Amino acid sequence: MAGVLQALVGASEKAAHIARLCRREEPLFQLLVAEKTGADRNRRFLQDFKTLADVLIQEVIKHDLGKEFPELQGHIHGEESNEFRNGQGETVAVRVCATPGDTAALLLSVLEPERAAAELLADAVHRDVALGDAELAGVALSIPPQDLAIWIDPIDSTNEYIGGREDVAPVDGIAPAGLCSALVLVGAYDRRTGCPVLGVINEPFFRRDPLTRRWQGRYHWGVAYGDTRLCSLSPPPLRPAPCVVLSRAEGAAVRAALGPLCGDRLRFAAGAGYKMLCVILGLADAYVLSEGSTFAWDACAPHAILRALGGGAVALAGALRARREGDTGPPPELVYNCPAEGAAGAERWANRGGLVAYAHPQHLEAVLAAL
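Predicted model, so just to flag it, every value in this text is computed and none were measured.

**Some points on the side chain of aspartate 209**
Tracing the backbone shows aspartate 209 in the loop between strand 8 (196–208) and strand 9 (215–225). One polar contact links aspartate 209 to glutamine 216, side chain to side chain, over a distance of 3.2 Å. Residues within four places of aspartate 209 in sequence aside, it is in contact with Arg214 and Gln216.

Written as structure tokens, this is what we have:
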């Protein structure tokens, strides 16, 4: 499994590079936006966009992982369809070809007439990534890759990625919106149980280099398999009163219920992955969402890291129902191998009934009691 972990981190670094590359030239970026329609559309938004960056990143991760670990082929799932509509109205299936030249030719059919851009992207797709991470290289684990499946969110918080705002001031370290909330999420789960066992979160837009003004990223990883708990981060401290992060679209009833528990420590942010990252980093103690507007690809990677740190993510509606019925046991965690019955498209993988992501079980209990 150590090889899989290193491969996921490497794939996320290549993905982050592509995400930065696609944002570098604004006229080019405007060519890369296509509106989602039909079953792929997230019903939470009036308009939901995907970009060529999303699709390309997803296909690169699928290609690289499947090539290194053939056992994973057919078990690497992503948010996006790989079909992209070009300026002539033609549908192009984006994929990684055998050579940079072939990939550039395919991308050119989307980006015509931007030949230089297509070649630049193709070079990024085919380049090797050197991590140089001694801690990661020293991780030794044993789990058969054939027991795993993968969820990819190539660019979580796509709307913030498209908007590209850099001037959003953080509140106690939590950015309410902006480019920093656009993340690459790659999570592995046990095919049989659906339990998340490995997660990588990459922040492509962590900070700008003060000299070059180019974006620099960082990544975090965690492993929670059997009795093994390993993470690139330390567990956040346990605070007496939790800080809870919410979506700005969260309902008034939830805000009012959490108010007495949190006082002035309710925070708001964009992106499900980013809000879960805030919990991982100890900027917040819990993320609460009452709607089923997140999906398996949003939660799998951060959930695995939270488990590695001693926390987790539970289905909110199911946890509240269990409490009302007098069940005093720990609420069941989200799983990632069970599509919703009777649903179609993206809704098959929605986290129905909302969720609570938490760093400490004490805060989970406090939040559920308040709600």
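Moving on from the coordinates now.
**Re the packing of helix 8 (residues 252–262) against helix 12 (residues 361–370)**
Running from N to C, helix 8 and helix 12 cross one another at 130°; their axes reach a closest spacing of 9 Å. As far as their axial angle goes, helix 12 and helix 8 are oblique. The two elements helix 8 and helix 12 cross, and the hand of that crossing is right-handed. Of helix 12, the residues touching helix 8 (which contributes Ala257, Leu258 and Leu261) are Ala366, Val367 and Ala370. Counted by class, the contact of helix 8 with helix 12 contains six nonpolar, no polar and no charged residues.

**Thoughts on the state of the cysteines**
Scanning the model with the defined rule gives zero disulfides in all. With no disulfide of its own, cysteine 231 lies closest to cysteine 300 among cysteine sulfurs, the gap being 15 Å. Cysteine 231 sits in the buried class, given a relative accessible area of 16%. Looking at cysteine 262, it has no disulfide partner, and the nearest cysteine sulfur is the one in cysteine 243, 7.0 Å off. Judged by relative accessible area, which is 4%, cysteine 262 ranks as buried.

**Remarks on the environment of alanine 366**
Turning to its location among the elements, alanine 366 is positioned in helix 12. Owing to a relative accessible area of 23%, alanine 366 belongs among the partly exposed residues under this scheme. Taking the C-alpha atoms as reference points, alanine 366 and leucine 261, separated by 105 residues in sequence, lie 7.7 Å from one another.

The rules behind each value
- Residues numbered from 1 in each chain as written.
- Predicted model: local features only at pLDDT ≥ 70, side-chain atom pairs only at ≥ 80, totals over all residues.
- Heavy atoms only, no water.
- Helix = DSSP H or I, 4+ residues; strand = E, 2+ residues; numbered from the N terminus.
- Polar contact = N/O pair within 3.5 Å; in protein donor to acceptor, adjacent residues only side chain to side chain.
- Contact = heavy atoms within 4.5 Å.
- Axes fitted to C-alpha atoms, helices over the stretch in contact; angles between N-to-C directions.
- Parallel < 35°, antiparallel > 145°, perpendicular 65-115°, else oblique.
- Left-handed = near helix turned anticlockwise from the far one by under 90°.
- Nonpolar A, V, L, I, M, F, W, Y, C, P; charged D, E, K, R; others polar.
- Disulfide = S-S within 2.5 Å.
- Buried < 20%, exposed > 50% of the residue type's maximum accessible area, 1.4 Å probe, protein only.

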